[in-house]
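# Secondary and tertiary structure notes
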Amino acid sequence: MSTPGTHDELDVLVIGAGFSGLYQLYRLRKLGYSVKIFEAAPDLGGVWYWNCYPGARCDTYGPLYQFSMEELWQDWDFDELYPSWDKIREYFHYVDGKLELSKHICFNTRVSDASFNEDTCRWNVNAESGHTASAKFMVMCTGIGSKPYRPDIPGLADFKGRLLHTAQWPQEGIDLGDQRIGVIGTGATGVQVAQETAPIAAHLTVFQRTPNMALPMRQQQLDDAAKAALKENLPEKYAKRARTLAGYDFDYQDYAGESAEIYSSEQVQEVFEKLWTEGGFVPWLGNFADMYTSEKTNRAAYDFWRDKVRERITDPCLQEKLAPTEPPHPYGVKRISLEQSYYEIFNQDNVDLVDLKETPIERITGPGVLTTDGQTHELDVLILATGFDMVTGGLTAIDIRGTDGVSLREKWSAGVSAYLGTMTHGFPNMLFVYGPQAPAGLSNGPSSSELHGDEIIEALEHLRTHGMSRIESTAEADRRWRDRIDDYAAETLFGQANSWYMSANIPGKKAQMINYPIGIPDYLEQWAIAKASGFDGFDLR
Ligand code: N01
């Protein structure tokens, strides 16, 4: 319960009740810490509470999109290979029933501000509800997509129909049948909304700025035999997450290998075909490792994708818009999505694509969207699938003040630096899980929640067993970590796309690689090096 005047004295306050926060709560309580979660939503799930738009589903297959504890996976099955948002919510409730977590969670408790008191060495935290807490440690599990981004398009307030952001979807749902729907944005979210609403809409207009290089999901309905098969070797698959770049149970080593350049073009095409048949993220994360550094390999992968997609679109003009001859940016350096019928919907009479590069939006008007060719696209519902202030937005939305009174928002306005993706100098005892400069957005969420989460718990245990109560990254360690990331990213093709990976999706946000791009094994290795030298890079007291 969260009521004005309620106050908690805690060892650890966790903020956010998604995968990361629940894992922290579960493990820290088992270790005997007094812990609570403050959660803005009225229920569990993090992004899976807010993102209940039509078609919302996970791009990771179910066995890997859950906690790895046997007591949980033994008795749980998803009905589809790639679960939908409501099934994932059901999963969270199942986890809650098994682990009895929600009695330690204060729902409807959105944290507004937090400040570190150097004298008491504690964080004082206030929620909008009036609930307060004092905690030795604050573990930030605010997720990478918790602050929706609404672009500043002129006239948005003039729209007479229904205006919705996908991440602020009405919980009761809305009937979109026979409506004239417009979707702005073709990221993972826009693709899902478009393919889900196309069959029921009176008319659907997709406003595309950059085509998504989406891959076939190859969804499956799972019968009992299929469910049992997915559980085979599950512990080995979970263990493997720590050895793959993105925390999956497969990697480029399992499919394509290091480089395409040692093979003939026929052999490379054969590999691409094999990856394509596998489906899901395999043609992305299982592709040649040099796809991120070699223009030649990358272009070959793009051309293969383009030709496969074009086969599914009948109109040559739409083929060129959705899968252009020349790539708009290198393949795979902007988040690839999984789709089920995305390309076929454009063969329907009731679906139009507006290419915003050709005819940008001039303004939103009462009846709809006016583009620069003078056309008004009349709509009943306008859906903003425009994404989030990714990775940092959930953190900087809170007024967090560290030792020198400067807010995290101000500190990071010139760019993020967070040692091991876990702490930033000047903010002692505040630790991020699945946050900036960690593998986070370049990894599978539940994998990072556990693998990164375990490191944080180990750090807290180290302090406790050594009778210490304060941990802070040094400014030098932060700087080294940021340089490590920037130097690595500069050697790759990531910088050639305006993506949220590079913080390029929010106007005015400092452009930089916001995740740890060197992969989970290297990330864990950096933790191991730091721990072996007594938590080098951290000031412990
Ligand atoms: O957001 P995005 P998202 N005018 O930032 C466009 C996770 N996720 O919500 O590409 C016109 O990717 C923008 O255009 P452009 C996943 O990690 C997971 O889709 O910048 N258009 C882009 O097309 C994902 O990556 C799942 O040119 C504008 C779109 O809006 C992350 O969340 C499902 C615009 C935003 O795409 C974010 O995905 C959903 C403007 N002013 C999300 N501003 C699953 O696992 C922005 N755009 C399935």
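Note that the coordinates shown come from a computational prediction; the quantities given were computed from them, not determined experimentally.

## A word on the domain arrangement of the protein
Domain boundaries assigned for the protein yield domain 1 (7–147 + 389–533) and domain 2 (156–223 + 230–384). Computed from C-alpha atoms alone, the centre-to-centre distance between domain 1 and domain 2 is 27 Å. Every contact between the two is made by 51 residues of domain 1 and, on the other side, 52 residues of domain 2. With both chains or domains summed, domain 1 and domain 2 bury close to 4200 Å², and 57% of this area falls on carbon and sulfur atoms. Among the residues of domain 1 in contact with domain 2, Tyr53, Asp59 and Leu493 are the three that bury the most area, contributing 17% of the side total. Counting the contacts that link domain 1 with domain 2 gives three salt bridges. Scanning the region where domain 1 abuts domain 2 turns up 24 residue pairs in polar contact (both at pLDDT 80 or more). Sorting the residues of the side of domain 1 that touches domain 2 by element identifies helix H2 (47–50), helix H14 (445–465) and helix H16 (520–532) as the ones contributing at least two each. Element by element, the count of residues in the side of domain 1 that touches domain 2 is highest for H14, at four residues.

## Looking at the site of the ligand
Close contacts around the ligand come from 24 residues, with Arg57, Thr189, Thr210, Lys334 and Trp500 the closest. Contact between the ligand and Thr210: an oxygen atom at 2.5 Å from a side-chain N or O atom of the residue. With the chains in place, 86% of the 910 Å² that the ligand exposes on its own is no longer accessible. The class makeup of the residues in the shell around the ligand is eleven nonpolar, eight polar and five charged. Of the domains in this structure, domain 1 (7–147 + 389–533) and domain 2 (156–223 + 230–384) are the two that each give at least three residues to the shell around the ligand.

## Brief notes about the pattern of salt bridges
Counted under the stated rule, the structure contains 42 salt bridges. For the salt bridge of Lys98 with Asp75, the shortest nitrogen-to-oxygen distance reads 2.6 Å. Highlighted residues: Lys98 in helix H4 (residues 85–99) and Asp75 in the loop between helix H3 (70–73) and H4, separated in sequence by 23 residues. Shared partners join several salt bridges into a network, and the residues in it are Arg299, Asp303, Arg306, Asp307 and Glu326.

## A closer look at the packing of helix H1 (residues 19–30) against H14
One can describe the packing of H1 onto H14 by two numbers: an axis separation of 9 Å at closest approach and a directional angle of 40°. As judged from the angle between their axes, H1 and H14 are oblique. Crossing of H1 against H14: the hand is right-handed. Where H1 abuts H14, its residues Phe19, Ser20, Tyr23, Gln24, Arg27 and Leu28 lie against Pro446, Ser449, Glu450, Gly453, Asp454, Ile456, Ile457 and Leu460. For the contact of H1 with H14, the residue count by class is seven nonpolar, four polar and three charged.

## Considering the environment of Gly187
By the secondary structure assignment, Gly187 is in the loop between strand E8 (180–184) and helix H5 (188–197). Considering only alpha carbons, one finds Gly187 and Met213, 26 residues apart in sequence, at a separation of 9.3 Å.

## A closer look at the sheet that holds strand E13 (residues 361–364)
The strand order E13-E14-E15 describes an open sheet built from three strands, whose pairing is antiparallel. The sheet is open, and its two edges are formed by E13 and strand E15 (376–378), each paired on a single side. The sheet shows a mean angle of 25° between the axes of neighbouring strands, taken without regard to direction. Here E13 pairs with strand E14 (residues 368–371) via three bridges, running antiparallel. Across the sheet, residue Arg363 finds its bridge partner in E14, namely Leu370.

Cut-offs applied
Residues numbered from 1 in each chain as written. Predicted model: local features only at pLDDT ≥ 70, side-chain atom pairs only at ≥ 80, totals over all residues. Heavy atoms only, no water. Domains from an automatic or database assignment. Contact = heavy atoms within 4.5 Å. Buried area = accessible area lost by both parts, 1.4 Å probe. Salt bridge = Lys/Arg side-chain N within 4 Å of Asp/Glu carboxyl O. Polar contact = N/O pair within 3.5 Å; in protein donor to acceptor, adjacent residues only side chain to side chain. Helix = DSSP H or I, 4+ residues; strand = E, 2+ residues; numbered from the N terminus. Near = heavy atom within 4 Å. Areas by Shrake-Rupley, 256 points an atom, 1.4 Å probe, with all protein chains shown as cover. Nonpolar A, V, L, I, M, F, W, Y, C, P; charged D, E, K, R; others polar. Axes fitted to C-alpha atoms, helices over the stretch in contact; angles between N-to-C directions. Parallel < 35°, antiparallel > 145°, perpendicular 65-115°, else oblique. Left-handed = near helix turned anticlockwise from the far one by under 90°. Pairing = 2+ DSSP bridges.

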